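# Remarks on the overall topology
Here's the letter readout for the chains.
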Amino acid sequence: MKDIRDKARERIKSHCKVCPLCDGRACAGKVPGIGGIGTGVSFQNNVSALAGHRLAMRVLHDANEPLTGVSLWGRELALPVLAAPIGSVKNNLGSDLSEGEYSEMLISGCVAAGTMAGIGDTAKPETFKQGLDQIRDRGRSVIPFIKPWALQEVCVRLDMAVAAGCDSCGMDVDAAGLTILRRLDAPVATRTPRELAAIIAEAHKRKLKFIVKGIMTVDEARAAADAGADAVLVSNHGGRVLDHTPGTAEVLPAIAAAVGGRTLVMMDGGVRSGADVLKALALGADIVLICRPVAVAIHGGGTDGAARYFNVIRDELSQCMRLTGCKDVASAGAHLLC
Ligand SMILES: Cc1cc2nc3c(=O)[nH]c(=O)nc-3n(C[C@H](O)[C@H](O)[C@H](O)COP(=O)(O)O)c2cc1C
């Protein structure tokens, strides 16, 4: 990955230093940009919360060839890790790629590595469409995340997702905090549990599974599950919407204990290695997402860079599972931590 990272640094250096550890310190306050909002502490807490956990090494067992694959809504993935959505790569990364070019590389890279790509939504429906236009026959490998617009606007995008062949989608409900989107004529807003249930009902009417992204408390996880969510995604938007939140790994165990079993539990924020993935699984996640390092890999190596990045994460995860005695993803639990 060194060449890929070096090339990426050259290409996006105005916005991202491609630090040895992507931990939110060098880019604190860079929103818009690649960083976390304000002090950058929410982003940094994501990384440090995972770093604060340790894996219990076990080698007297027969889990020598661990299975990293998982099944998600009828498709088999090579690893329990997806690409998190990212919007406006030009504004946020100073990218020379168009949204469409970026999405094409992301989707192709994810498919090559046996996983799925989240794609983002912005103020302009055309930009959302540019991402969807890259899908072609790969709709089941792409999860579009729609912003919390008014219901009518959401339905327009749900129809676009169905037309593109997707069978799952999500909403980053925490985007209610994105200032730029709050200033629009038809702005994003916080959604009541009742409004969320209406949105999810529209998705289900179109046979789309629905992920509620941006859950950081047990009460909201329960509300999302009650509203019909097929998955809650424990996330603080990479620390980009509210300063001074805990790291996602801090709140994950209580959320998984409250709603796991009723709904899938996903998690993102600060996941940087296969060890971090295993920690998140041990803390209760079923699926983990990664954002910024994937964007770096694409800017350094395009489709191949993204695929290689996920392959590295998969190899690291496999090695961590082997050395903790975890034979498959479903067997991960708190006993892996010490
Ligand atoms: C530049 C940038 C743009 C993002 N845009 C979106 C978006 O459009 N929709 C969304 O749901 N999340 C968006 N996110 C949040 C990510 O999907 C994800 O929740 C978060 O970045 C995960 O943390 P990580 O970058 O530490 O892996 C964005 C994140 C970044 C850094």
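Structure shown above.
First, a word on what this report is: a plain description of the structure on this page.

What counts, and at which threshold
Residues numbered from 1 in each chain as written. Predicted model: local features only at pLDDT ≥ 70, side-chain atom pairs only at ≥ 80, totals over all residues. Heavy atoms only, no water. Helix = DSSP H or I, 4+ residues; strand = E, 2+ residues; numbered from the N terminus. Buried < 20%, exposed > 50% of the residue type's maximum accessible area, 1.4 Å probe, protein only. Contact = heavy atoms within 4.5 Å. Areas by Shrake-Rupley, 256 points an atom, 1.4 Å probe, with all protein chains shown as cover. Salt bridge = Lys/Arg side-chain N within 4 Å of Asp/Glu carboxyl O. Axes fitted to C-alpha atoms, helices over the stretch in contact; angles between N-to-C directions. Parallel < 35°, antiparallel > 145°, perpendicular 65-115°, else oblique. Left-handed = near helix turned anticlockwise from the far one by under 90°. Nonpolar A, V, L, I, M, F, W, Y, C, P; charged D, E, K, R; others polar. 1 Å grid on protein atoms, 1.4 Å probe; cavity = no way out; pocket = protein on both sides within 12 Å on 5 of 7 lines; lining within 4 Å. Points joined across faces, edges and corners; volume = space filled by probe spheres on them.

Regarding its fold elements, the chain presents 12 helices and 10 strands. When its C-alpha atoms are laid out on the principal axes, the chain stretches across 60 × 45 × 40 Å. The buried share among the 338 residues of the chain stands at 56%. If you take every contact in the chain between residues at least 6 apart in sequence, the share linking residues at least 24 apart comes to 72%. Total accessible area computed for the chain in this model is approximately 13,900 Å², and 54% of it derives from carbon and sulfur atoms.

All right, on to the pattern of salt bridges then. By the definition in use, this model includes 20 salt bridges. A salt bridge links Lys 2 to Asp 6; its shortest N-O distance comes to 2.7 Å. Of this pair, Lys 2 and Asp 6 both sit in helix α1 (residues 2-12), 4 residues apart, which is roughly one turn of the helix. Given a relative accessible area of 30%, Asp 6 falls into the partly exposed group. For the salt bridge of Glu 202 with Lys 205, the shortest nitrogen-to-oxygen distance reads 3.2 Å. Of this pair, Glu 202 and Lys 205 both sit in helix α8 (residues 193-205), 3 residues apart, which is roughly one turn of that helix. Among the residues examined, Glu 202 registers a relative accessible area of 17% and is labelled buried.

With that out of the way, let us pick up the environment of Leu 158. Locating Leu 158 in the fold gives a position in helix α6 (residues 151-163). Leu 158 sits 55 residues away from Lys 213 along the chain, and the two C-alpha atoms are 16 Å apart.

Another point: the packing of helix α11 (residues 274-282) against helix α12 (residues 292-322). At a minimum axis separation of 7 Å, α11 and α12 run at an interaxial angle of 60°. One finds that α11 runs oblique with respect to α12. Seen from above, α11 lies across α12 with right-handed handedness. Contacts from Gly 274, Ala 275, Val 277 and Leu 278 in α11 reach Ile 313, Glu 316, Leu 317, Cys 320 and Met 321 in α12. Classifying every residue of the contact of α11 with α12 gives 7 nonpolar, 1 polar and 1 charged.

A complete count under the given rule lists 1 cavity of 30 Å³ or more for this structure. At 4 residues, the largest contribution of residues to the lining of the largest cavity is made by helix α4 (residues 99-113). For the lining of the largest cavity, the residue count by class is 6 nonpolar, 7 polar and 1 charged.

Quantified by volume, the largest pocket comes out at close to 980 Å³. Considering the residues around the largest pocket, the lining is formed by 45 residues, among which Gly 87, Ser 88, Asn 92, Leu 178 and Arg 240 are closest to the centre. At 4 residues, helix α3 (residues 89-93) tops the list of elements feeding residues into the lining of the largest pocket. Here the lining of the largest pocket is composed, by residue class, of 17 nonpolar, 16 polar and 12 charged.

Let us now look at the environment of Val 251. Here Val 251 shows up in helix α10 (residues 248-259). C-alpha separation for the pair Val 251 and Gly 52, spaced 199 residues apart in sequence, amounts to 13 Å. With residues near it in sequence (within four places) discarded, Val 251 still touches Met 216, Val 234 and Pro 246.

Right, let's get into unusual backbone geometry. The step from Val 31 to Pro 32 runs through a cis peptide bond, and the omega angle for that step is 0°. One can find Pro 32 in the loop between α1 and α2 (41-51). Unusually for a residue other than glycine, Val 18 sits at a positive phi of about 50°. The backbone of Arg 136 shows a phi angle near 50°, a positive value even though the residue is not glycine. Tracing the chain through its elements places Arg 136 in the loop between α5 (125-133) and β5 (142-146). Using a relative accessible area of 54% as the deciding quantity, one classes Arg 136 as exposed.

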